[in-house]
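# Close look at the chain arrangement
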Amino acid sequence: MTVESPMSGDLAIQVHGVWKRYGLPLRPWLQRQIDQLRGEYHGDQAAYGPWVLRDICFEVRRGESLGIVGKNGAGKSTLLKLIAGVSPATYGSVQVSGRLFPMIELSAGMHRDLTGRENIKLLGAIMGFTSQQMDVKLPEIEDFAELGDWLDKPVWQYSSGMQARLGFSVAVNVEADILLIDEVLSVGDVNFQKKCLNHMDELSNSGVTIIFVTHSPYTIERICERALYLEDGQITASGSPSDILSAYFQVAMDRSTVIGEKDKVAADLREGTGALRIMDISMHDAVSGREITGFSTGESVVFRISLDVKEALPSYRFSLRIVDPASTVVSYIEMPMASRRSLVLERNSVLECRVDNINLLPGQYWINLVARETAGPVIDSVSYAFAFNVRASSEVIEQMEHRGIIYLSASWNLAADDALESAGEP
């Protein structure tokens, strides 16, 4: 669809003062009428909810990639539907300039009784292309979808992943000015997801405007230049993907130390054999020994783990896992066998684990702890036992742009002439 608007020429989307609720709930409507009769009408729209979206305002430039994050029910999909024009705003305005393709539902725009090939033409017609124009694009779309003989079978026989393949293949090959993508890639297989992400990189670099809703932090960081954090129908933060993801995960996974004085009673209720219980964990500077809650990229630290050993342990394994906000294990550190044999655990033991040159990028991370018998069951396990922050110098931030997981020190030089000759280059 193409929507003409009086927006500035460098804007693709403008959302101003948007409020949205589904239907017209009787109680808020009656309360508003009563307040108007009494002369007590509230100018604040929030007084007459419930609202799915509340006072949403933002702009998207042409060629910009915007990520939207938030917990389930925050209003992300509703916002995309308003931008796509499939649902009207209760109050406010949404202006779109350019040909838009919405992928906000797997089967959006498809007819379940038509074949995949027929649905390609149907989606093309919705976008404003003639049948002849779609005939030209058809081979490229077929090649991208990789559906083979399934293209000539009705869509109702397709799996959710196959529907995603079909819809996305059309979306990225019909020369849309704006793409709205709502988590549909999560149902595809890994190879197709990689293919889609690579193509989205190309589209973004070619000037296509992309609004992307996903729970995958690395996808947001890879594709988007800017991000919004939506919470309870409101934009609570706007900025770089790294800043927004940090704010999002801080709320979504707000866990400080989950073991300590207040949890000593609860320790006996944890799973495992209970031969020992992890009672506390702290982090210390490797040089001074002082207790810390964060460090800078490349520094060394010591983790001290307090244990209550209830019975003799002739053989055991102890591991420490560093996890990021997406629960990805970025490092797995297990006590080597030689240490296990030499470190005899007594009733009130404190294990120390020194980790040198930790090159994690800036952000918040958590520690998971697991103790188990060498060839047997788990003794004790604590997830998100400790939270810590990593800082970085401006040099590291400049080189990495907050992307990735670890920092690798590198140097750049111009190759000398003799090096090029030895490599066989003219």
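Every chain is numbered independently, its residues counted from 1 as its sequence is written. In keeping with the model being predicted, local features are shown solely for residues with a pLDDT of at least 70 and side-chain atom pairs are shown and tallied solely at 80 or more, while totals for entire chains, interfaces and linings include all residues. Heavy atoms throughout the structure, all of them, feed into the side-chain values; hydrogens and water do not.

## A look at the overall build of the protein chain
Stated formally: Think of it this way: any DSSP run of H or I at least four residues long counts as a helix, any run of E at least two long counts as a strand, and we number them from the N terminus. A 1.4 Å probe rolled over the protein chains alone gives each residue an accessible area, and that area as a share of the maximum for its type sets the label: buried under 20%, exposed over 50%, partly exposed in between. Contacts are assigned to residue pairs that have any heavy atoms within 4.5 Å of one another. Only the protein chains shown count as covering a residue, and every accessible area follows the Shrake-Rupley method with a 1.4 Å probe.
Of the regular secondary structure elements, the protein chain holds twelve helices and 18 strands. By residue count, 45% of the 426 residues in the protein chain fall in the buried class. Considering only residue pairs separated by 6 or more positions, the protein chain has 70% of its internal contacts joining residues 24 or more positions apart. For the protein chain, the computed accessible surface area is about 21800 Å², with 50% contributed by carbon and sulfur atoms.

## Thoughts on the nonpolar core
Generally speaking, nonpolar side chains in soluble globular proteins are found buried as a group. For clarity, the threshold we go by: We call a set of buried Ala, Val, Leu, Ile, Met, Phe, Trp, Tyr and Cys residues a nonpolar core when their side-chain atoms join them within 4.5 Å.
By size, the foremost hydrophobic cluster in this structure holds 44 residues, and its most contacted members are Phe-101, Ile-120, Leu-166, Phe-168, Leu-179 and Phe-212. Among the nonpolar cores identified, the runner-up in size contains 37 residues, and Leu-307, Ile-322, Leu-360 and Tyr-365 belong to it.

## Comments concerning the packing of aromatic side chains
To keep it simple, the criterion reads: The rule is short: rings of Phe, Tyr and Trp, with Trp giving its six-membered ring, pair when the centres are within 6.5 Å, and they are stacked under 30 degrees, edge-to-face over 60, tilted in between.
The tally for this structure, following the rule as stated, stands at eight aromatic pairs. Centre to centre, the rings of Phe-295 and Phe-388 are 5.5 Å apart; their planes meet at 25 degrees, and the pair counts as stacked. A residue pair is termed long-range when its members are at least 10 positions apart, and Phe-295 in strand E12 (residues 294–296) and Phe-388 in strand E18 (residues 378–391) qualify at 93 residues. Ring geometry for Trp-366 versus Tyr-384: centroids 6.0 Å apart, planes at 80 degrees, classification edge-to-face. Taken together, the residues span a long stretch of sequence, with Trp-366 in strand E17 (residues 363–372) and Tyr-384 in strand E18 at a distance of 18 residues.

## Things to note about the pairing of strand E13 (residues 301–309)
Each regular strand displays side chains that alternate between the two surfaces of the sheet. Short version of the rule: Two strands qualify as a pair provided DSSP detects at least 2 bridges between them.
Along E13, seven of the nine residues are buried, which leaves the element largely enclosed by surrounding structure. Here nine bridges tie strand E10 (residues 276–285) to E13, and the two strands are oriented antiparallel to one another. Note that in E13 the partner of Leu-276 across the bridge is Val-309. In terms of strand pairing, E13 meets strand E16 (residues 348–355) through eight bridges, oriented antiparallel. Across the sheet, the residue bridging to Ile-305 is Leu-351, located in E16.

## Examining the confidence of the model for the protein chain
The line we're drawing: As a per-residue measure, pLDDT reflects the predictor's confidence and takes values from 0 up to 100.
Averaged over all residues, the pLDDT of the protein chain is 81; the fraction at 70 or higher stands at 82%. Across the protein chain, element-level confidence peaks in strand E11 (residues 291–292) with a mean pLDDT of 94 and bottoms out in helix H9 (residues 264–267) with 52. Every residue in residues 1–5 scores below 50 in pLDDT, and together they form 14 contacts with partners more than four places removed in sequence or on other chains.

## So, the sheet that holds strand E6 (residues 178–182)
This is how it is decided: Here an axis means a line fitted to C-alpha atoms, over the contact stretch when the element is a helix, while the angle between two N-to-C directions is reported on a 0 to 180 degree scale.
Taken in spatial order, the six strands of this open sheet run E5-E6-E7-E3-E8-E9, and their pairing is mixed. Here the strands that pair on one side only, and so sit at the sheet edges, are strand E5 (100–103) and strand E9 (234–239). Recorded for the sheet is a direction-independent mean angle of 15 degrees between the axes of neighbouring strands. Where E6 and strand E7 (residues 209–213) come together, five bridges link them in parallel fashion. By the bridge assignment, Leu-180 is partnered in E7 with Ile-211. Across the sheet, helix H5 (residues 160–171) lies against E5 and E6, angled at about 165 degrees from E5, the strand it touches most.

## Some thoughts on the side chain of Thr-115
Relative to the helices and strands, Thr-115 is located in the loop between E5 and helix H3 (116–126). For Thr-115, a relative accessible area of 15% gives the class buried.

## Quick word on the packing of helix H4 (residues 131–145) against helix H6 (residues 190–205)
Short version of the rule: The labels follow the angle: roughly parallel below 35 degrees, roughly antiparallel above 145, roughly perpendicular from 65 to 115, and oblique for the rest. Only Asp, Glu, Lys and Arg are considered charged, only Ala, Val, Leu, Ile, Met, Phe, Trp, Tyr, Cys and Pro nonpolar, and every remaining residue, Gly among them, polar.
It is at 11 Å that the axes of H4 and H6 come closest, and there the two elements cross at 135 degrees. When the axis of H4 is compared with that of H6, the two are oblique. The residues of H6 that touch H4, namely those facing Asp-143, Phe-144 and Ala-145, are Phe-192, Lys-195, Cys-196 and His-199. Taken together, the residues of the contact of H4 with H6 sort by class into four nonpolar, one polar and two charged.

## Some points on the sheet that holds strand E4 (residues 91–96)
On the basis of which strands lie adjacent, the open sheet formed by three strands has the order E2-E1-E4 and antiparallel pairing. Each edge of the open sheet carries a strand with a single partner, namely strand E2 (53–61) and E4. Mean inter-strand twist for the sheet, computed between neighbouring axes without regard to direction, equals 10 degrees. For strand E1 (residues 11–20) and E2, the ladder comprises six bridges, and the chain directions are antiparallel. Residue pairing in the sheet places Leu-11 in a bridge with Arg-61 of E2. Sitting on the sheet, helix H2 (residues 76–84) touches E1, E2 and E4, and the angle it makes with E2 is about 60 degrees.

## Overview of the environment of Val-323
Turning to its location among the elements, Val-323 is positioned in strand E14 (residues 317–323). On the accessibility criterion, Val-323 (2% relative accessible area) is buried. Put simply, Val-323 and Gln-364 are 41 residues apart on the chain and 9.2 Å apart in space, counted from C-alpha to C-alpha. Those residues in contact with Val-323 that sit more than four places away from it in its chain are Thr-328, Val-329, Val-330, Tyr-365, Trp-366, Asn-368 and Tyr-384.

## Some points on H5
Put simply, the rule is: In a helix, the anticipated span is given by 1.5 Å times the number of residues less one.
Here H5 is twelve residues long and its end C-alpha atoms lie 16 Å apart, about the 16 Å a rise of 1.5 Å per residue gives. For H5, the buried fraction is high: eleven of the twelve residues fall into the buried class. Those residues of H5 that fall on the buried side of the exposure criterion are Gly-161, Met-162, Gln-163, Ala-164, Arg-165, Leu-166, Gly-167, Phe-168, Ser-169, Val-170 and Ala-171.

## A short note on the packing of H3 against H4
The following threshold applies: Crossing handedness: left-handed means the near helix sits turned counterclockwise from the far one by under a right angle, and right-handed means the same turn made clockwise.
Between H3 and H4, whose axes approach to 10 Å, the crossing angle comes to 125 degrees. As far as their axial angle goes, H4 and H3 are oblique. For H3 against H4, the interelement crossing comes out right-handed. Contacts between H3 and H4 involve Arg-117, Ile-120, Lys-121 and Gly-124 from the former and Ser-131, Met-134, Asp-135, Leu-138, Ile-141 and Glu-142 from the latter. Of the residues belonging to the contact of H3 with H4, the class tally is four nonpolar, two polar and four charged.

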